[in-house]
Amino acid sequence: MMMAALIFVASLATLWMFFVSYCRSLMASSSRHPLSAEVRDVTGIRTVASAGDYRRVTQLLQLCPDRQEDRTGLQAVSIYHSFLTATRQMFAWIVPSLRSWAEHEQAGCAYFAAVALDRRIAHNREMLAQQDNF
Amino acid sequence: MPGSIDLIIWFLGTAFELTFVVCSLARKSFLRYFFLNLYLLLSMTVSIGRFFILWSSGQGSDQYMYFYFYSDALLTVALFVALISLYSHVLGELRAGEYVKWGAVFLLLGTAGFSYAVVAQSATRLSTSFAYELSQNLYFVGLVLTYILWGAVLKLRETRTRPVQIILSLGLYFSGYAASYALANFSGKHGIIQYICPALGCFLPLSWSLTMLRYTEESRLVPAQLLAVPR
């Protein structure tokens, strides 16, 4: 029983570490993607996103027709964002530095979602242009 | 017979395994990730074989039990080889291929020897117990090796997106598997716990396929962005 508990705690710790790194690797792929002027206007993100932008950007994403390529990435980042919110609410009073770390990470999530929005808009424009050609 | 959820998970897992192989062929990366493809092809064959034996002999039959445990041991060894091939990818530039190969052989033999020593006292069904013990121990060794490999990725500042994401998916798979295994020891395989391991089996080929689809071999990322706590 003791051994199982030890394995459980250790594996949860590694699971958390790999999950954070996996989500960061997803977000890293879009961190150098510059946002278009339209998306910057509509989301209110100028150069750097903030933790509070995530909710607004995901609401805008829901208004835009879906793009299959970024669906799983967005789902993973959404789980990560919820996890960060829970971590911030539960542990920030014990470790205050956790709050700024979680906010920094949530800002990364918001930027990732904004890049996905940018790609969706560009994709839909392309589709419309193709329809017009017919 | 398995329930509808088991069948859905089985179908999805096999479909994702096939997807990865097709994606690597389409992206001309089949040989580069040969051992990953080999593992998934083997896993696909085993899944189909298990399904047919289950269909013809039933879940409680000896045929199914023997096939299940031996094929599981074979798959674990194949996954171990796939993991070692990722070491070769990451440590390739250090020309450490020979050391990695011999290290892997010693580790595999050591794990097999340890597993044999554990089950040697049991007189009944020695080979089945050995296959089961070897699988469990190799999973644990796999988790530790993936953790070390991830350390090497960070230390060597690996920038290739594909190997990085493949290793991270493997780390998630091993950790999730170990956690659900420990959880099953606490509470038994009831409710949702019985579906966690098969669902994790779907996650691995799915995330590998997405990596293969999304990124090319030239895709790069900044290693510092991967650290959970920025230095």
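The notes below deal with the structure included here. (Residues numbered from 1 in each chain as written. Chains lettered and ligands numbered in written order. Predicted model: local features only at pLDDT ≥ 70, side-chain atom pairs only at ≥ 80, totals over all residues. Heavy atoms only, no water.)

A few words on the overall build of chain B. Helix and strand counts for chain B come out as seven helices and zero strands. Shown N-terminal to C-terminal, the secondary structure of chain B runs as helices and strands in the order α-α-α-α-α-α-α. In terms of C-alpha radius of gyration, chain B reaches 18 Å, essentially the compact-globule figure of 17 Å for 231 residues. In chain B, the share of contacts with a sequence separation of at least 24, taken over all contacts with a separation of at least 6, comes to 75%. (Helix = DSSP H or I, 4+ residues; strand = E, 2+ residues; numbered from the N terminus. Rg over C-alpha atoms; globule rule 2.2 N^0.38 Å. Contact = heavy atoms within 4.5 Å.)

Glancing now at the packing of helix H6 (residues 161-187) of chain B against helix H7 (residues 193-214) of chain B. It is at 9 Å that the axes of H6(B) and H7(B) come closest, and there the two elements cross at 180°. Judged by the inter-axis angle, H6(B) sits roughly antiparallel to H7(B). (Axes fitted to C-alpha atoms, helices over the stretch in contact; angles between N-to-C directions. Parallel < 35°, antiparallel > 145°, perpendicular 65-115°, else oblique.)

Turning our attention to helix H1 (residues 4-26) of chain B. Residues and elements named next belong to chain B. In this model, H1 (23 residues) spans 32 Å end to end at C-alpha, consistent with the 33 Å of a helix rising 1.5 Å per residue. Regarding H1, the residues found buried are Ile9, Gly13, Thr14, Glu17, Phe20, Val21, Cys23 and Ser24. Of the surrounding elements, those touching the buried residues of H1 are helix H2 (34-57) and H7. At the exit of H1 stands lysine 28, carrying a positive phi of roughly 55°. (Expected span 1.5 Å × (residues − 1). Buried < 20%, exposed > 50% of the residue type's maximum accessible area, 1.4 Å probe, protein only.)

Before going further, it helps to spend a moment on unusual backbone geometry. Residues and elements named next belong to chain B. At lysine 28, a residue that is not glycine, the phi angle is positive and equals roughly 55°. Topologically, lysine 28 is positioned in the loop between H1 and H2. We note that arginine 157 has phi near 55°; this positive angle belongs to a residue other than glycine. By secondary structure assignment, the location of arginine 157 is in the loop between helix H5 (126-155) and H6. By relative accessible area, which is 57% here, arginine 157 ends up exposed.

We now examine empty space enclosed by the protein. All names here are of chain B. In this structure the tally under the stated criterion is one cavity of 30 Å³ or more. For the largest cavity, the calculated volume is near 40 Å³. Taken together, Thr76, Leu79, Phe80, Leu138, Tyr139, Gly142 and Phe174 make up the full set of residues lining the largest cavity. When contributions to the lining of the largest cavity are tallied by element, the ones reaching two or more residues are helix H3 (62-91) and H5. For the lining of the largest cavity, the class distribution of residues is five nonpolar, two polar and no charged. (1 Å grid on protein atoms, 1.4 Å probe; cavity = no way out; pocket = protein on both sides within 12 Å on 5 of 7 lines; lining within 4 Å. Points joined across faces, edges and corners; volume = space filled by probe spheres on them. Nonpolar A, V, L, I, M, F, W, Y, C, P; charged D, E, K, R; others polar.)

On to the layout of surface pockets, then. Leftover empty space is mapped by rolling, across the atoms, a probe with the size of a water molecule. All names here are of chain B. Its boundaries defined by the atoms lining it, the largest pocket holds a volume of some 1400 Å³. Around the largest pocket sit 46 residues that line it, and Arg50, Tyr64, Tyr68, Cys197 and Pro198 are the ones nearest its centre. Considering each element in turn, the lining of the largest pocket owes the most residues, nine residues, to H7. Along the lines of polarity and charge, the residues of the lining of the largest pocket split into 28 nonpolar, 13 polar and five charged. Its boundaries defined by the atoms lining it, the second largest pocket holds a volume of some 680 Å³.

The geometry of two aromatic rings is summed up by the distance between their centres and the angle between their planes. Counting across every chain of the model gives 21 aromatic pairs over all chains. With 5.8 Å between their ring centres and 50° between their planes, B:Phe20 and B:Trp208 make a pair best called tilted. With B:Phe20 in helix H1 and B:Trp208 in helix H7, the pair connects residues that are 188 residues apart, well separated along the chain. Residues B:Phe20 and B:Trp208 agree in their burial class; the two are buried. Measuring from ring centre to ring centre gives 5.5 Å for B:Tyr68 and B:Phe69, while their planes differ by 90°; the resulting arrangement is edge-to-face. Its relative accessible area of 32% is what places B:Tyr68 among the partly exposed residues. Counting every residue linked through ring pairs, the aromatic cluster contains A:Trp16, A:Phe19, A:Tyr80, A:Phe83 and A:Trp101. (Phe/Tyr/Trp six-rings, centres within 6.5 Å; stacked < 30°, edge-to-face > 60°.)

It is common to report an interface's size as the accessible area lost on association of the parts. Across the contact, 31 residues belong to chain B and 26 residues belong to chain A. Summing the contributions of chain B and of chain A, the shared interface buries around 2500 Å²; its carbon and sulfur component is 70%. Connecting chain B to chain A are zero salt bridges. Viewed at the interface, chain A and chain B are joined by four residue pairs in polar contact (both at pLDDT 80 or more). Every element with two or more residues in the side of chain B that touches chain A is listed here: H5, H6 and H7 of chain B. Looking at the side of chain B that touches chain A, its residues break down into 20 nonpolar, nine polar and two charged. (Buried area = accessible area lost by both parts, 1.4 Å probe. Salt bridge = Lys/Arg side-chain N within 4 Å of Asp/Glu carboxyl O. Polar contact = N/O pair within 3.5 Å; in protein donor to acceptor, adjacent residues only side chain to side chain.)

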